Amino acid sequence: MNNLNYGVIGNCRTAALISETGNIEWLCLPDFDSPSVFASLLDREKGGNFGFEVDESYQISQSYMPHTNILQTRFYSETDEFVVLDFMPCYRSRDNEHYLPAELYRYIHPVKGAPRFKVDYNPAPNYARGKVVYNMTSQYLETYCCFENKDRQYLYSSIPLMHIVEQKEIVLEKDEFFLLSYNEKVIPIDIEREKLEYCRTLVYWLNWTNRTKKYTLYNEVIERSLLILKLMSYYNGAVLAALTTSLPETIGDVRNWDYRFCWLRDASMSIETLFQIGHAGAAKRFMRFIQSTFVARHESYQIMYGIRGERLLTETILSHLSGYKNSGPVRIGNDAYHQRQNDSFGYLMDLIYQYYRLMPGTLDEIEDMWEMVKSILSMVTDDWRKPDKGIWEIRGESRHFVSSKVMCWVALDRGVRIASLLDKPGYCELWQKEADEIRKDVFEQGWKEEIQSFSQTYDNLALDSSLLLMEPYGFIQADDVRYIKTVDAVKKALFHKGLMYRYNSADDFGMPSSAFTICTFWLIQALFVTGRKDEARLLFDEILKYSNHLGLFSEDIDFDTKEQLGNFPQAYSHLALVKTAILFAEEDKRLPFFRP
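Treat the numbers as computed from the prediction; the structure is a model and nothing was measured. (Residues numbered from 1 in each chain as written. Predicted model: local features only at pLDDT ≥ 70, side-chain atom pairs only at ≥ 80, totals over all residues. Heavy atoms only, no water.)

Caption draft 1: Examining the overall build of the protein chain more closely. Tallying secondary structure elements over the protein chain gives 14 helices and 28 strands in all. For the protein chain, the C-alpha radius of gyration of 25 Å lies close to 25 Å, the compact-globule estimate for 596 residues. Considering only C-alpha atoms, the protein chain reaches an extent of 75 × 55 × 50 Å along its principal axes. Across the 596 residues that make up the protein chain, the buried fraction comes to 61%. By sequence separation, contacts in the protein chain at least 24 residues apart represent 65% of the contacts at least 6 residues apart. Approximately 23,000 Å² of the protein chain is accessible, and the part contributed by carbon and sulfur atoms is 49%. Counting 67 positive and 83 negative side-chain charges, the protein chain places the averaged centre of each group 2 Å from the other. (Helix = DSSP H or I, 4+ residues; strand = E, 2+ residues; numbered from the N terminus. Rg over C-alpha atoms; globule rule 2.2 N^0.38 Å. Buried < 20%, exposed > 50% of the residue type's maximum accessible area, 1.4 Å probe, protein only. Contact = heavy atoms within 4.5 Å. Areas by Shrake-Rupley, 256 points an atom, 1.4 Å probe, with all protein chains shown as cover. Lys, Arg positive; Asp, Glu negative; His and termini not counted. Charge placed at Lys NZ, Arg CZ, Asp CG, Glu CD.)

Rendered as structure tokens:
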């Protein structure tokens, strides 16, 4: 059973989650990380929603308009049918600037008969923290929270506003529309304007996917994941880990976190995936974001930032919200921002190396980037011997995680390659010496003869899925017997009912009880590169069945029910899906990938 059956629409500024029955159950305005206007996802009674009520004769289906992030929800009975097209305007203006307003359109199109419905419009702005104030004018319905009257929402519609407020039954005779905007509009809003915005947005997404590499295998799967990664990329280059907060890793558990921030690790991996598939512009914007957040200020690095580069991400509990399926607490902010996670810069340096190698910029950009490289590797050199919280940002005691040491090696290794490209032999020698020390340290302290595998940390014998990343980042070869044995050991310890644990040892919240989606993709990749390609392909085809009805993945999956859990959609899950699908697609000998 998959209860996260939501479609996602967005425009690289904010996004909405829309249920399979066409109900908007999560929307933050004006930006991804702003307070919610609709949050029935997190509290059915208080959270707020915007949907349609139809009688029991209707069936409902949902799909994306092909090659776009425009969502189509179809309501149909034997005699009547109508379609709702949901989108957020997203396109380039006449001056080639991106137009990304904080607004959402719902275009309602009758297909046959005389469809009837009621509009269920219940905004609950400011995370439902106060009474909602309504103000009706001849043009729009204005709402705001009594405690925060600066943030306002304006609902425009071709349907009489009083019919919406009074929930009168509407007989659909022609095309109608809703526009929910964070701003009061200064131009006339009518159905013709709506159709223009729809066409411009449709063309934008069609052009975007047309610039994406195509494959003969799994192309639709790859394309949908890339569209999601694009949607989750803030217009300044930051990439969100997920669009939601506090969706639990396990129902009834307290592992509920706000993921509407930019982690260096997750974002670097997402951008690297977009880069690999043909979208170099995303890499350029992300590099500018990284430079603006910490290099220009010469401040100590963080593992994560707000989407505008904020460093202070104070965690607060919203105790008035019950949580997804009553799984509290609901949190905003994320206290992990001040953790030490030594692995983060390995992923970032891997991306920077590809940027230098494949997309050199202007001289000043190259020099700015070189200063960033030196700054990063100075920190890596100072910190790699220290314990940290690891890739899973465990909130208990710091440990010497093997995966953190490996990614510190990756950072230095990529630094050596960059220094070689720039003809800086002194730095090559300095960083190579440090990288060699890390490699020696990992082989001496990370490999455990008694389990015939690398272990999670230097001081334990636990297994961890992140050990599977040793090969794809070049720390060890796929045919090295120690890697092959590690893959076997990790699979034996962590593979359960067709899915993977991150780890199955107790942490500061007890024992993990759900599968972490990205880890199953890592296992598939490891099986593939170690020669078990048929096994890998079968497992990949199986996990694809666990997506929701639109091909979207969250962070976690329940081992028994295969219900999706955790924040949604998860960039981590989709970038790993793309990388895994490409392994099989590029091996397909019918046709190579092609660029249109």
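Caption draft 2: Up close: the side chain of Ser344. Mapping Ser344 onto the fold places it in helix α7 (residues 344–358). When its relative accessible area of 1% is taken as the criterion, Ser344 is described as buried.

Caption draft 3: Structural context of the domain arrangement of the protein chain. Along its sequence, the protein chain is carved into domain 1 (6–209) and domain 2 (212–587). Of note, the centres of domain 1 and domain 2, computed from C-alpha atoms alone, are 34 Å apart. Residue-level contacts link 36 residues of domain 1 with 38 residues of domain 2. Both sides together, the interface formed by domain 1 and domain 2 hides about 3,300 Å², and carbon and sulfur atoms give 64% of it. Contact with domain 2 buries surface across domain 1, with Phe32, Leu42 and Trp208 losing the most and accounting together for 24% of the total. Taken together, the connections running from domain 1 to domain 2 amount to 2 salt bridges. For the salt bridge of Arg308 with Asp33, the shortest nitrogen-to-oxygen distance reads 2.6 Å. Ranked by residues supplied to the side of domain 1 that touches domain 2, first place goes to strand β1 (residues 6–10) with 5 residues. For the side of domain 1 that touches domain 2, a count of residues per class yields 20 nonpolar, 9 polar and 7 charged. (Domains from an automatic or database assignment. Buried area = accessible area lost by both parts, 1.4 Å probe. Salt bridge = Lys/Arg side-chain N within 4 Å of Asp/Glu carboxyl O. Nonpolar A, V, L, I, M, F, W, Y, C, P; charged D, E, K, R; others polar.)

Caption draft 4: Spotlight on helix α13 (residues 533–544). Taking 1.5 Å per residue, 12 residues should reach 16 Å; α13 reaches 17 Å between its end C-alpha atoms and fits that length. Of the residues making up α13, those classed as buried are Ala536, Leu539, Phe540, Ile543 and Leu544. Along the axis of α13, the buried residues cluster in a sector spanning 135 degrees; they form a single face. Of the exposed residues in α13, the ones pointing more than 90 degrees away from its buried face are Asp534 and Leu538. Along its buried surface, α13 packs onto α4 (219–231), β24 (495–496), β25 (499–500), α12 (517–529) and α14 (571–587). (Expected span 1.5 Å × (residues − 1). Arc of directions from axis to C-beta.)

Caption draft 5: View of the pairing of strand β6 (residues 59–64). Alignment of β6 against strand β7 (residues 71–76), held across 6 bridges, turns out to be antiparallel. Considered in β7, the bridge of Ile60 is made with Phe75. (Pairing = 2+ DSSP bridges.)

Caption draft 6: Molecular detail of the sheet that holds strand β27 (residues 556–557). With antiparallel pairing, 3 strands are arranged side by side in an open sheet as β26-β27-β28. Two strands lie at the open edges of the sheet, namely β26 (515–516) and β28 (564–565), each paired on one side alone. Bridging between β27 and β28 involves 2 bridges; their strand directions are antiparallel. Within β28, the position partnered with Ile557 by the bridge is Gln564.

Caption draft 7: Summary view of the packing of aromatic side chains. All chains considered together, the criterion is met by 41 aromatic pairs. Ring geometry for Phe38 and Tyr121: centres 6.2 Å apart, planes at 70 degrees, overall edge-to-face. Of the two residues, Phe38 sits in strand β4 (residues 36–38) while Tyr121 sits in strand β12 (residues 116–122), which places them 83 residues apart along the sequence. This pair shows no difference in class: Phe38 is buried, exactly as Tyr121 is. Against the face of Phe50 rests Arg106, its NZ or CZ located 5.0 Å from the ring centre. The ring of Phe584 carries the charged tip of Arg537 above its face, separated from the ring centre by 5.9 Å. (Phe/Tyr/Trp six-rings, centres within 6.5 Å; stacked < 30°, edge-to-face > 60°. Lys NZ or Arg CZ within 6 Å of the ring centre and 35° of its normal.)

Caption draft 8: Structural context of the environment of Leu264. Counting through the fold element by element, Leu264 comes out in helix α5 (residues 264–276). For Leu264, a relative accessible area of 0% gives the class buried. With near-sequence residues (within four places) excluded, Leu264 lies in contact with Ile290, Gln302, Ile303, Tyr305, Ser344, Phe345 and Leu348.

Caption draft 9: Structural detail: the pairing of strand β5 (residues 49–53). In terms of residue burial, β5 counts as a mostly covered element, since 4 of its 5 residues are buried. Sheet topology places β5 next to β12; 5 bridges connect them, and they run antiparallel. By the bridge assignment, Phe52 is partnered in β12 with Val119.

Caption draft 10: Representation of the pattern of salt bridges. In total, this model carries 41 salt bridges according to the counting rule given. The partner of Arg44 in a salt bridge is Glu25, with the nearest N and O atoms 2.7 Å apart. Here Glu25 lies in strand β3 (residues 24–28) and Arg44 lies in the loop between β4 and β5, a separation of 19 residues in the sequence. A residue is classified by how much of its surface remains accessible, and Arg44, at 54% relative accessible area, is exposed. Look at Glu25 and you get buried, because its relative accessible area is 6%. A salt bridge links Lys185 to Glu103, with the nearest nitrogen and oxygen atoms 2.8 Å apart. Of this pair, Lys185 sits in the loop between β17 (176–181) and α3 (191–210) while Glu103 is found in strand β11 (residues 103–112), placing the two residues 82 residues apart along the sequence. One exposure class covers both Lys185 and Glu103, and it is buried. Salt bridges sharing common partners tie together Arg13, Asp31, Asp33, Arg308 and Glu310.

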